[in-house]
Amino acid sequence: MSSMKVAKGRILVGKYELGKTIGEGSFAKVKFARNVQNGNYVAIKILDRKHVLRLNMMEQLMKEISTMKLINHPNVVRILEVLASKTKIYIVLEFVDGGELFDKIAANGRLKEDEARNYFQQLINAVDYCHSRGVYHRDLKPENLLDSNGVLKVSDFGLSTYSQKEDELLHTACGTPNYVAPEVLNDRGYVGSTSDIWSCGVILFVLMAGYLPFDEPTHMALYKKIGRAEFSCPSWFSPQAKKLLKHILDPNPLTRIKIPELLEDEWFKKGYKPTSFTEEEDLNVDDVVVAFNESNENLVTERKEKPVSMNAFELICRSQSFNLDSLFEKQTGQVKQETSFTSQCPANEIMFKIEEAAKPLGFNVYKRNYKMKLQGDKSGRKGHLSVATEVFEVAPSVHMVELRKTGGDTLEFHKACENSLSLLLIQKYKSHIRKSATQI
Amino acid sequence: MSSTIATDSHGLSDSWTIGERVCAALMPLIAVVEVLILTVTGCFSYCPCISIIDQNHKCTYTAKDFAILADETRFTVEEVEALHVLFKRLSSSLIDDDSIHKEELQLALFQTPYGKNLFLDRVFDVFDQKRNGVIEFDEFVHALSVFHPYAPMDEKIDFAFKLYDLRQTGFIEPEEVKLMVVAILIEFDMNLPDDLLEAIVHKTIADADKDNDGKISREDWKAFVSRNPSLLINMTLPYLKDITSVLSSFVFKTEAKP
């Protein structure tokens, strides 16, 4: 998770530092972000206000976000907070550390029936819970199913409509039609609950088979197959699984199995444990109301932060060449307690890389802007080793990084620098010891 | 062949002028007088301040010289003595002649006597006040005095300006800044495109050039440094505040040598 690279230049929205884009549509994008106050990682869905207004969906979006914010289900990606600027709406989401569930299939092929059933049960738990609160997904597909160490998390509940392209209004599906119910494709209008169940059926099929039930080279042929529900189950499916899939992938939404019936199905019930969780009482939607308010009060702004700029003379005076310390260090066997290196990587990426290297070495990391303090959690020869780090901008794409020992043993400092930084930065950076020595 | 040599040498002595003959005759006498003078001035007597120096070294500094240098700088007599220990070590690293050659300074700073280094040339030139191609002990002490933590800021500002004024024109010009930046980036194994280098140089000159003449004068530099005191970070050597204890272990080790 922390290995995710952060985009060049530091952009803050409220207390969140925006990172790289991890998902993108025409009018919405999802960015990796970090809460600078507590260091927690989040995902932020950014919606275009104009787009939502153009679709006359502001009220509906506000209602759905408010509902979703009150949902705290273990199988649903939580909405933590909602912020707004003059042009954008920022939906702060729980960040799921793990990939898409379907990456697992891409890597290992189909799942065993028991494992597939376990994920399917979690999916139905999530869908049932949201449906019971009047929120429908409308676009269940592999990208929206995240796997966090065996725990399924469904993302984009209640938000998929607002992520769609301009010509794909309420009646149509976003992206691939393979998971979309026939009534949606036929553009007859649909009930959110039954179309979500169809999508769950397609997902179950893919989990167990390793391929799609409906897959044709042309859209016309694909629509025809979906409309008639023409699919066949592979031989390794158990009879009960085949029977359930027939009920789920029913082209008629009126006769299609409903969730209460599904929960009573013999195949589904095997090993089923209903999700037990306690709802938080202090959940509120005040921030949603504020975000959708027309007034300019409480609006956030995207502000770009840069590292402290370093002019040529600051670079020169930090050079080893213009430094006479070594006259004494060499003669007296002293050890330097500062090191610096230059890099052409973005400043945020450098910060993340240092943090990434420091944590496995047992450092607690405290960040503020482009300064970082690494505090060793184990006591060394001279107490806890602590290192102050700062990134400076020499030119738009050139940075200098200083690491300075602020506590603990100097030899341990050098060991830490060598072990972590030289390994971590060997390709991109030239490490360069300089300045300020001390007697051990 | 031997006859030729004899003839040559004979011819050579015949060609000597009276002055040259007198000189040749008096040379041993002058040497004796010189020895007497040196003995009287006490250079051959036991001198505690330089007891740690190998006996085969030529002795040129006395306790009185150390006292004079202490008066002229921020150092105490003891600190000057400690610096002399360091100086002897540096000046004998390649050529044992009581002066630091450029290669010896390079060896001390960069652990190699080879290769050209822009900064080394500047440091050496600024230290070598007598312009005789070597750094003598008094020059070494005077220059290091500027690096003392208690040295006046003006001295540090002036010294830094001299270092960065590569062509010694009385101005730090954009070309000089560019040369230094390129040298630094080489030190960091970095190769930047020319437009980026120009951007760094342009920004720096723009920040410092108060009178907008496209270069940095002494006045510009002074104002710039007062706004950015961190620019003088390399103009202070914390060791010099307590040079005797910093070098004490080294002095002790040297004394212990046979």
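Just so it is clear, the model here is predicted, and its values are computed rather than measured. Position numbers for residues count from 1 along each chain, tracking the sequence in the order it is written. Whichever chain is written first becomes A and whichever ligand is written first becomes 1, with later ones labelled in order. Reporting of local features is limited, given that this is a predicted model, to residues whose pLDDT is at least 70; pairs of side-chain atoms are given and counted only at 80 or more, and all residues count toward the totals for whole chains, interfaces and linings. Computation of side-chain values covers all heavy atoms of the structure but excludes hydrogens and water.

1. Thoughts on the overall build of chain B
Stated precisely, the cut-off is as follows: Labels follow the DSSP assignment, with helices taken as runs of H or I lasting at least four residues and strands as runs of E lasting at least two, numbered in each case from the N terminus. Burial here depends on accessible area, computed with a 1.4 Å probe over protein chains only, as a share of the maximum for the residue type. Under 20% is buried, over 50% is exposed, and the range in between is partly exposed. The contact criterion used throughout is that any non-hydrogen atoms of two residues lie within 4.5 Å.
Per the secondary structure count, chain B includes 13 helices and zero strands. Counting helices and strands in the order they occur from the N terminus, chain B gives α-α-α-α-α-α-α-α-α-α-α-α-α. The buried share of chain B, taken over its 258 residues, is 43%. Relative to all contacts within chain B whose residues are 6 or more apart in sequence, the contacts with residues 24 or more apart total 52%.

2. Concerning the nonpolar core
So the rule is basically this: By nonpolar core we mean a set of buried residues, namely Ala, Val, Leu, Ile, Met, Phe, Trp, Tyr and Cys, connected to one another through side-chain atoms within 4.5 Å.
One finds Phe102, Phe120, Leu123, Leu145, Leu207 and Phe292 of chain A to be the most contacted residues of the largest nonpolar core, which totals 79 residues. By residue number, the principal contributor to this core is helix α6 (residues 192–209) of chain A, which donates 11 residues. In contact with Leu145 of chain A, not counting residues within four places along its chain, are Glu100, Leu101, Phe102, Leu123, Leu140, Leu152, Lys153, Val154 and Ile203 of chain A. In this structure, Phe87, Leu90, Phe147 and Val201 of chain B belong to the second largest nonpolar core, which totals 77 residues.

3. Description of the interface of chain A and chain B
Filter applied, for reference: Note on definitions: buried area is the accessible-area loss of two parts on being combined, 1.4 Å probe, summed for both. Between Lys or Arg on one side and Asp or Glu on the other, a salt bridge is scored when a side-chain nitrogen of the former is within 4 Å of a carboxyl oxygen of the latter. For the purposes of these results, a polar contact is taken to be a pair of N or O atoms within 3.5 Å, where, inside protein, one atom must be able to donate a hydrogen and its partner to accept one; residues adjacent in sequence count only when each atom of the pair is a side-chain atom. In the scheme used here, Gly and all other residues not listed as nonpolar or charged are polar, with Ala, Val, Leu, Ile, Met, Phe, Trp, Tyr, Cys and Pro taken as nonpolar and Asp, Glu, Lys and Arg as charged.
Listed per partner, the contact involves 40 residues of chain A and 48 residues of chain B. Roughly 4,100 Å² of surface becomes buried between chain A and chain B when both sides are summed, with 70% attributable to carbon and sulfur atoms. At the boundary of chain A and chain B, one finds zero salt bridges. Put simply, chain A and chain B have two residue pairs in polar contact (both at pLDDT 80 or more) between them. Every element with two or more residues in the side of chain A that touches chain B is listed here: α12 (312–317), α13 (325–332), β12 (338–343), β15 (383–395), β16 (398–407) and β17 (430–433) of chain A. Considering every element that reaches the side of chain A that touches chain B, the biggest residue donor is α13 of chain A, with eight residues. Residues belonging to the side of chain A that touches chain B are distributed by class as follows: 16 nonpolar, 18 polar and six charged.

4. Regarding unusual backbone geometry
Residue and element names in this part refer to chain A. Backbone geometry places Ala229, a non-glycine residue, at a positive phi of 55°. Within the secondary structure, Ala229 sits in the loop between α7 (219–228) and α8 (239–248). Among the residues examined, Ala229 registers a relative accessible area of 11% and is labelled buried.

5. Description of the UniProt feature "domain: EF-hand" (unreviewed entry) in chain B
Residue and element names in this part refer to chain B. Using the following cut-off: UniProt positions are given in the numbering used here, feature names are shortened, and annotations may be inferred rather than shown by experiment.
Mapped onto this numbering, the UniProt entry annotates "domain: EF-hand" (unreviewed entry) at residues 115–150, 152–187 and 196–231. A distance of 30 Å separates the end C-alpha atoms of residues 152–187, which is 72% helix and 0% strand. Taken end to end, residues 196–231 is 64% helix and 0% strand, and its two terminal C-alpha atoms sit 22 Å from one another.

6. Considerations on the packing of helix α4 (residues 77–91) of chain B against helix α7 (residues 137–146) of chain B
Residues and elements named next belong to chain B. Note the cut-off: To obtain an axis, a line is fitted to C-alpha atoms, over the contacting stretch when the element is a helix, and the angle between two such axes runs from 0 to 180 degrees between their N-to-C directions. Throughout, the term roughly parallel applies to angles under 35 degrees, roughly antiparallel to angles over 145, roughly perpendicular to angles from 65 to 115, and oblique to all others. Crossing chirality is assigned from the near helix's rotation relative to the far helix, an anticlockwise turn below a right angle marking it left-handed and a clockwise turn marking it right-handed.
Between α4 and α7, the shortest axis-to-axis distance is 10 Å and the interhelical angle comes to 120°. On the basis of the axis angle, α4 is oblique to α7. The way α4 lies across α7 gives a crossing that is right-handed. On α7, the residues touching Val80, Leu83, His84, Leu86, Phe87 and Leu90 of α4 are Phe137, Phe140, Val141 and Leu144.

7. Regarding the side chain of Asn178 of chain A
All names here are of chain A. Residue position: Asn178 is located in the loop between β8 (151–154) and α5 (182–185). Here the side chain of Asn178 touches Phe214 through a polar contact of 2.9 Å, landing on its backbone oxygen. Here Asn178 is in contact with Val202, Leu212, Phe214, Asp215, Leu222 and Ile226, once residues within four sequence places are set aside.

8. Some words on helix α14 (residues 347–358) of chain A
Residue and element names in this part refer to chain A. The following threshold applies: Helix span, as expected, comes to 1.5 Å for every residue beyond the first.
Between its first and last C-alpha atoms α14 spans 17 Å; for 12 residues at 1.5 Å apiece the expected length is 16 Å, and the two agree. With 11 of 12 residues buried, α14 is to be regarded as a mostly interior element. Inspection of α14 places Ala347, Asn348, Glu349, Ile350, Met351, Phe352, Lys353, Ile354, Glu355, Ala357 and Ala358 among the buried residues, and these make up the whole buried set.

9. What to know about the packing of aromatic side chains
Two aromatic rings, taken as a pair, are described by how far apart their centres are and by the angle between their planes. Here is the rule we go by: Only rings of Phe, Tyr and Trp enter the pairing, Trp through its six-membered ring, and a pair is recorded when the two centres are within 6.5 Å. The plane angle decides the type: under 30 degrees is stacked, over 60 is edge-to-face, the rest tilted. The criterion is that NZ of a Lys, or CZ of an Arg, lies within 6 Å of the ring centre and within 35 degrees of the ring normal, and then a charge sits over that ring.
On inspection of all chains with the given rule, the structure shows 19 aromatic pairs over all chains. Note on Trp198 of chain A and Phe214 of chain A: the rings are 5.6 Å apart at their centroids and 10° apart in plane angle, and the pair reads as stacked. Here Trp198 of chain A, found in helix α6, pairs with Phe214 of chain A, found in the loop between α6 and α7; they are 16 residues apart in sequence, far enough to count as distant. Taking relative accessible area as the criterion, Trp198 of chain A reaches 0% and is therefore assigned buried. The class of Phe214 of chain A is buried, set by a relative accessible area of 0%. Through a chain of ring-to-ring contacts, the aromatic side chains of Trp198, Phe205, Tyr211, Phe214, Phe231 and Phe237 of chain A assemble into a single cluster. Here the basic side chain of Lys246 of chain A rests over the ring of Phe231 of chain A, its NZ or CZ set 4.7 Å away from the ring centre. Over the aromatic face of Phe171 of chain B sits the side chain of Lys215 of chain B, whose NZ or CZ is 4.1 Å from the ring centroid.

10. Here we look at the pattern of salt bridges
Following the criterion strictly, the structure yields 20 salt bridges over all chains and no others. A salt bridge links Arg228 of chain A to Glu230 of chain A, with the nearest nitrogen and oxygen atoms 3.3 Å apart. Among the residues examined, Glu230 of chain A registers a relative accessible area of 35% and is labelled partly exposed. A salt bridge links Arg122 of chain B to Asp125 of chain B; the nearest nitrogen and oxygen atoms lie 3.5 Å apart. Note that Arg122 of chain B and Asp125 of chain B are positioned in helix α6 (residues 118–127) at a spacing of three residues, about one turn of the helix. Three or more residues are tied together by salt bridges with common partners; here these are Glu264, Glu266 and Lys269 of chain A.

11. Some remarks on the packing of helix α8 (residues 153–164) of chain B against helix α11 (residues 218–227) of chain B
All names here are of chain B. Where α8 meets α11, the axes come as close as 10 Å, and the angle between the chain directions of the two elements is 120°. Considering their axes alone, α8 and α11 lie oblique with respect to each other. Here α8 runs over α11; the crossing is right-handed. Contact residues: α8 offers Asp154, Ile157, Asp158, Ala160, Phe161, Lys162 and Tyr164, while α11 offers Arg218, Trp221, Lys222 and Val225.

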